[in-house]
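Examining the three-dimensional arrangement
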Amino acid sequence: MPTFDDRGLPTGSNHEAARHAVESALWRMMAFYDTPLADLDAAIVFDPAWPLPHAMKAGFLFSLTEPNLVAEASQHLASARSLVNAATPMRERAHVEALQLIEEGRWAAACRAWDLLLIEHPRDPLALQWAQLWDFYRGDAQALRARPARALPEWDEDDPLYPHVLALWAFGLEENNCHDAAEEAGRRALAIDP
């Protein structure tokens, strides 16, 4: 029986505790509040067969762009790849494939892969967060603004991650010299979740 996360996105785990730990990790990644590693380790313990927590751990470690973390990130990506099977939702497979492109240094291709994922699942916080980070690393100011702007209308303002999507948009606006709009979006995000 298929299961879904807090946004109604298909997920590859039937374990509620594992899904809850991944949700906590998502919040930490988007809020930049502590690291998501302990949450992801807990998700792996709760559901060792679920590829997504391994992929998320790989993606988080890759996103730190620290050479000494690449081997560990690659190890988690290899674990995620080894766990992908016919029952793994396409959305989660797409994350693994995009991270493979990151590992290969093909950052623009990874962002295109996340864009394709967001067409079908505009409320995928992981795709938004990671594409935003690698857009920033690549200096793609236009994408920093456009991607969150495309996704925002699909988000529910009651979603705990909504203010963080607003913050992604505010940052993109700022990077495009739209300072008044950036401040307005940023203040709105802070009003929802200080």
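Here the structure is shown first, and the text comes after it.
This section reports on the structure supplied with the text. (Residues numbered from 1 in each chain as written. Predicted model: local features only at pLDDT ≥ 70, side-chain atom pairs only at ≥ 80, totals over all residues. Heavy atoms only, no water.)

1. Some words on the pattern of salt bridges
- Applying the stated criterion to the full structure yields 17 salt bridges.
- Ionic pairing is found between R138 and D135, a salt bridge with its closest N-O pair at 2.7 Å. With a gap of three residues between them, R138 and D135 both fall in helix α7 (residues 125-138), about one helical turn apart.
- Among the residues examined, R138 registers a relative accessible area of 31% and is labelled partly exposed. (Salt bridge = Lys/Arg side-chain N within 4 Å of Asp/Glu carboxyl O. Helix = DSSP H or I, 4+ residues; strand = E, 2+ residues; numbered from the N terminus. Buried < 20%, exposed > 50% of the residue type's maximum accessible area, 1.4 Å probe, protein only.)

2. Re the environment of R81
- With respect to the helices and strands, R81 occurs in helix α4 (residues 70-83).
- Residue classification places R81 among the partly exposed positions, given a relative accessible area of 37%.
- Residues R81 and N176 lie 95 residues apart in sequence; the distance between their C-alpha atoms is 37 Å.
- When sequence neighbours within four positions are dropped, the list of residues in contact with R81 reads V96, Q100 and E103. (Contact = heavy atoms within 4.5 Å.)

3. Details of the packing of helix α1 (residues 16-31) against α7
- Orientation of α1 relative to α7, taken along the N-to-C sense of each, is 30°, at an axis distance of 10 Å. With respect to α7, the element α1 is oriented roughly parallel. The hand of the α1/α7 crossing is left-handed. When α1 is examined against α7, the residues L26, M29 and M30 are found in contact with a partner set consisting of P125, L126, Q129 and W130. (Axes fitted to C-alpha atoms, helices over the stretch in contact; angles between N-to-C directions. Parallel < 35°, antiparallel > 145°, perpendicular 65-115°, else oblique. Left-handed = near helix turned anticlockwise from the far one by under 90°.)

These results come straight from atomic positions and should not be treated as a statement about function.
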